[in-house]
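If you want the building blocks of each chain, they are given just below.
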Amino acid sequence: MELTVNSVSCSVQSPPLTSLLTVLREELDITSPKAGCESGGCGACTVLVDGQPRRSCLTALCTLDGSEVVTVEGLGTPEDLSRVQQAFIHHYAAQCGFCTDGLIVAATAYVGGGGSADTGDIGEALAGHYCRCTGYVKILEAVAAVARGDTFDTASTASSANNTYVTIAGAES
Amino acid sequence: MAVHRGKGLATVEYPTGMNQNGDPSQAWIKVKPDGRVDVFSGTADIGNGSKTVQSQIVAETIGVPYDWVTYDNSNTDSSPMCTGTFASRATFVAGNAVLKAARQVRERILAVASRELEIDPADLEVADGSVSVKGTPAKSMGVDEVAGAATFVHGELLTGDGAHLNPGAAIIDPTTGEVDKPPHAAISYAACTAEVEVDDETGDVRVLSLTQAYDIGRAMNPTLVEGQIDGGAVMGLGFGLLEDCYPYYPTAEHRGDGMNTYHVPTMAELPEIKNVLMENPSSGGPYGAKGIGEMSNNAQPAAIANAIHDAVGVWVTEFPITPERVLAALDAKSEGRSEPRREGRVVAFDEELSINSFTSAKTWGA
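Residues numbered from 1 in each chain as written. Chains lettered and ligands numbered in written order. Predicted model: local features only at pLDDT ≥ 70, side-chain atom pairs only at ≥ 80, totals over all residues.

### Some points on the sheet that holds strand S2 (residues 25–31) of chain B
Residues and elements named next belong to chain B. Strands sit in the order S4-S3-S2-S8 across an open sheet of four strands; the sheet is mixed. Looking at which strands have only one partner, the edges of the open sheet turn out to be strand S4 (69–72) and strand S8 (159–164). Averaged over all adjacent pairs, the angle separating strand axes in this sheet is 20°, with direction ignored. Contacting S2, strand S3 (37–41) and S8, helix H2 (residues 90–117) crosses the sheet at an angle of about 150° to S8. (Pairing = 2+ DSSP bridges. Helix = DSSP H or I, 4+ residues; strand = E, 2+ residues; numbered from the N terminus. Axes fitted to C-alpha atoms, helices over the stretch in contact; angles between N-to-C directions. Contact = placed C-beta atoms within 7 Å.)

### Let's talk about the interface of chain A and chain B
Taken together, the 34 residues of chain A in the interface contact 31 residues of chain B. Secondary-structure elements contributing two or more residues to the side of chain A that touches chain B are helix H4 (119–126), helix H5 (137–148) and strand S6 (163–167) of chain A. At five residues, the largest contribution of residues to the side of chain A that touches chain B is made by S6 of chain A. Of the residues assigned to the side of chain A that touches chain B, the class counts are 15 nonpolar, 16 polar and three charged. Relative to strand S13 (residues 272–279) of chain B, S6 of chain A runs parallel, the two being bridged by five bridges. Looking at the pairing, Asn-163 of chain A lines up with Asn-275 of chain B of S13 of chain B. (Nonpolar A, V, L, I, M, F, W, Y, C, P; charged D, E, K, R; others polar.)

### Concerning the packing of helix H3 (residues 100–112) of chain A against H5 of chain A
Residues and elements named next belong to chain A. It is at 10 Å that the axes of H3 and H5 come closest, and there the two elements cross at 30°. Pair H3 / H5 crosses with right-handed handedness. Note on element contacts: H5 touches H3 through Ile-139, Val-143, Val-146 and Ala-147, opposite Leu-103, Ala-107, Tyr-110 and Val-111. In terms of residue class, the contact of H3 with H5 is built from eight nonpolar, no polar and no charged. (Left-handed = near helix turned anticlockwise from the far one by under 90°.)

### Remarks on the domain arrangement of chain B
Residues and elements named next belong to chain B. Split into domains, chain B comes out as domain 1 (3–15 + 184–360) and domain 2 (19–164). Taking the mean C-alpha position of each, domain 1 and domain 2 sit 39 Å from one another. Between domain 1 and domain 2, the contact holds 18 residues from the first and 15 residues from the second. Residue composition of the side of domain 1 that touches domain 2, grouped by class: ten nonpolar, six polar and two charged. (Domains from an automatic or database assignment.)

### Remarks on unusual backbone geometry
Residue Pro-320 of chain B follows Phe-319 of chain B across a cis peptide bond; omega there is -5°. Looking at the secondary structure, you find Pro-320 of chain B in the loop between helix H5 (299–312) and helix H6 (323–334). Phi angles above zero are rare outside glycine, and Asp-29 of chain A is one such case at about 60°. By the element assignment, Asp-29 of chain A lies in the loop between helix H1 (20–27) and strand S3 (46–49). For Ala-87 of chain B, which is not a glycine, the phi torsion comes out positive at approximately 55°.

### Some points on H5 of chain A
At 3.6 residues per turn, the α-helix brings residues three or four places apart onto the same side. In this model H5 of chain A runs 17 Å from its N-terminal to its C-terminal C-alpha over twelve residues, within 8% of the 16 Å that 1.5 Å per residue would give. In terms of burial, H5 of chain A is a largely internal element, eleven of the twelve residues being buried. Restricting attention to buried positions, one finds in H5 of chain A the residues Val-137, Lys-138, Ile-139, Leu-140, Glu-141, Ala-142, Val-143, Ala-144, Ala-145, Val-146 and Ala-147 of chain A. Each element contacted by the buried residues of H5 of chain A is listed here: helix H2 (83–90), H3 and H4 of chain A together with helix H4 (222–241) and S13 of chain B. (Expected span 1.5 Å × (residues − 1). Buried ≥ 20, exposed ≤ 12 C-beta atoms within 10 Å, placed from the backbone.)

Here it is in structure tokens:
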């Protein structure tokens, strides 16, 4: 089976019904797609197959001959991050990081397909991804900012507009 | 048949850390010959940002740039002991441990710099990676130079250790319950209002907004605090409406055991979330901090239950508030057999049924 993974041609030896997730993690040692529920429910294993976000845990290897697969490693490098990756850093859209790779891949497809900065549209596109840490608030902000065409300073993080700070002067408890 | 709106409020009082049970964290710090600072602490960063916050505390306390600090908790053997990352204790308890260790390092830096500059350490200060004479900033030397001199001239290691423990309090007056020392590290306060829509035909509850106020002591890293509070809000929403280990029919083998049967909130359920962060410094926390992690998912379920009562006039007394439970409560109300609001509940561990968690017992008052 011939696959192109992150622009590298690979000759894959796994049996035909092996999931793409297993092929990537076990045979090719690409570990950004996470084995979360392994039944299509959580979105952590999402990769791009010919530009479309797919659950790699539910995608059998035999359906992919000649396909182009992109994982988060293929979107950018630490020195040259993609805009979605930059936005996730600037907006602090990752905490533990388990869902992050799948979300970045899916958000890349959403924005690449002309997705809008509308919260409802983003929610509809990304509702298949579970995140237990962030409450989605900053993920939504990051994706909306990419859709708006913002540029990102990855050396700093943004404070969200939904927060108000109040200082109680001189109080101690 | 209609959709009804309601609003509810709930408040939280939350003690930081484990307090009464003894809750130690330890840390040690060493400075490399080039001035870079290595922090060894056992507090695992599970995405809450404790690594970042503890590095900030060390950088600020010693007086070096944040980038000079490396936080190492790569293995259990080389790290000092830490009780763990839970109970909102990482910033407060473990943060106090690194704070104490960093103060020692600062003293050692000043002692070596004093010999190098031939000036009393009381007249020196450390800031931005440089030791300078108070009031005469031109006379200074870098912390990297101090570390080099310690290593190659004085034969010393710039190091420090620190530990923090809230000792258990003992009751000294059984009549009043008065204790011999403060029973809590710091108390935080929070309030949450929920606005919901309840469909009285389907029992569906949709949370439209959560508006919350948190007493956070001091936001050392505002972005991280916001992340904890947003995340806690949605976790609380899940606890209130969706998440349940116990929808099993007819026996425990049929309980949910994966993400397809244990429902957590997604972006589709995300309400509008607004936070007010109140900085009300704690006297015992590092730089006035209090814990914020765990407290942030406590108020939402009760606020949602209160909002449902406001919307349709029924008390649903069991979480999660599923459509079935809303409809059962509405039926009970229309048949005139509404349950009175419960004043409390017994939480018991059920060894028969539980995998690894606590269950809310159906029988209570026993």
